[in-house]
Every structure is written in structure tokens, then in C-alpha cells.
Amino acid sequence: MITSQPPAQSFEVGIARNIKRKCSLFKAFKTFDEDEDGKISKKDLKAGLRSMFEMELSDDQIEHIFHRSAYFAAAPIESLEPNGDSSESLTSEKMGFPEFSNYIEQ
């Protein structure tokens, strides 16, 4: 006898949706991470946007994206640098997946 599967609870639907969204974001992140070090450099981002979307951004525009990604990071900006100098963290040369996903989802 085949029994039917119980209906999904609303929290399960939300969990599944979040997992799918994070997986899609992670695939996009991996596309930009050309050297596969788990971080996206400014050079990686600029090259990826150029090749995938034919977008030519200036260095200032790329810097702005990195600044905003640090702002939207899950961790407080002050914790991104060991010395607590947030101005240095905002000009970080690479962004990790948390910064990337928080920037995209803002």
C-alpha cells in the first residue's frame, strides 16, 4: 500500500526556499571566484562582470561594490580587520561568500 506524503509545513517550505536561494548565490559566487580560493578579488569581479554581462565598471565602481559588501556583511565591520580599523576593512581586496550574498540580497 502506497501512503501519501504528509503536506509540507510552512517552515519547511521556507527552509527549502532559503536553501535553493543560497545554492544559487553560491553557484554565482563560484563563477566569479576564478582562482578558487573562496574569495572574490576586485579583479575577479571586474572580469566576471565584463565577460558574463558585458558590463565595464570603473575601478571606483568596483571599490563601491566592495565597500557596500562590507557594510552589508553579517559581521560588524569593525570585526573584519584584526586591528578594528573599519576603514581598512572597507577597502578589502577580496570578499567572501557572506559579504557577496549579503550584498546581492540587500
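Residues numbered from 1 in each chain as written. Predicted model: local features only at pLDDT ≥ 70, side-chain atom pairs only at ≥ 80, totals over all residues. Heavy atoms only, no water.

Q: Can you help me understand the overall build of the protein chain in this one?
A: Helix and strand counts for the protein chain stand at 5 helices and 2 strands. Starting at the N terminus and ending at the C terminus, the protein chain contains elements arranged as α-β-α-α-α-β-α. Within the span of the protein chain, comprising 106 residues, buried residues form 27% of the whole. For the protein chain, contacts bridging at least 24 residues in sequence account for 54% of all contacts bridging at least 6. Accessible surface, the protein chain: about 7500 Å² in total, of which carbon and sulfur atoms supply 56%. (Helix = DSSP H or I, 4+ residues; strand = E, 2+ residues; numbered from the N terminus. Buried < 20%, exposed > 50% of the residue type's maximum accessible area, 1.4 Å probe, protein only. Contact = heavy atoms within 4.5 Å. Areas by Shrake-Rupley, 256 points an atom, 1.4 Å probe, with all protein chains shown as cover.)

Q: What is the right way to read the confidence of the model for the protein chain from this model?
A: Segments scoring low in pLDDT should not have their predicted coordinates read at a detailed level. Mean pLDDT for the protein chain: 79, with 75% of residues reaching 70 or above. Here helix α4 (residues 86-89) stands out as the least confident element of the protein chain, with mean pLDDT 40; strand β1 (residues 40-41) is the most confident, with 94. Contacts of residues 74-91 to residues separated by more than four positions or lying in other chains number 23 contacts, the stretch itself having pLDDT below 50. (pLDDT = per-residue confidence, 0-100.)

Q: Would you take a moment to explain the nonpolar core for this structure?
A: For soluble globular proteins, nonpolar side chains are generally found buried alongside one another. In terms of nonpolar packing, the biggest core is built from 14 residues, with Ile40, Leu45, Met95 and Phe100 touching the most fellow members. For this core, the secondary-structure elements that each account for two or more residues are α1 (10-32), α2 (42-53), α3 (59-71) and α5 (97-105). For Met95, the residues in contact, after removing those within four places along its chain, are Phe29, Lys39, Ile40, Leu45, Ile65, Phe66, Ser69 and Phe100. (Core = buried A, V, L, I, M, F, W, Y, C linked by side-chain atoms within 4.5 Å.)

Q: Which parts of the structure should I look at to understand the pattern of salt bridges?
A: When charged atoms on two side chains of opposite charge get close, those side chains can pair. Evaluated as defined, the whole model comprises 8 salt bridges. The shortest N-O distance in the salt bridge between Glu105 and Lys22 comes to 3.6 Å. Residue Glu105 is found in helix α5, and its partner Lys22 is found in helix α1; the two are separated by 83 residues along the sequence. Within this structure, Arg21, Lys22 and Glu105 form a network of salt bridges that share partners. (Salt bridge = Lys/Arg side-chain N within 4 Å of Asp/Glu carboxyl O.)

Q: Even after reading the chapter, I still don't get the packing of aromatic side chains, so can you show me in this structure?
A: What describes a pair of aromatic rings is the distance from one ring centre to the other and the angle between the planes of the rings. Evaluated as defined, the whole model comprises 5 aromatic pairs. Geometrically, the ring pair formed by Phe29 and Phe97 is edge-to-face, given 5.6 Å between the ring centres and 80° between the ring planes. Pair noted here: Phe29 is in helix α1 and Phe97 is in helix α5, with a separation of 68 residues, a long-range link. Its relative accessible area of 2% is what places Phe29 among the buried residues. Consider the rings of Phe32 and Phe100, whose centres lie 6.1 Å apart with planes at 55°: the pair is tilted. Taken together, the positions of Phe32 in helix α1 and Phe100 in helix α5 put the pair 68 residues apart, joining distant regions of the chain. Each member of the pair, Phe32 as well as Phe100, carries the same accessibility label: buried. Sitting over the ring of Phe66, Lys42 keeps its end group 5.5 Å from the ring centre. (Phe/Tyr/Trp six-rings, centres within 6.5 Å; stacked < 30°, edge-to-face > 60°. Lys NZ or Arg CZ within 6 Å of the ring centre and 35° of its normal.)

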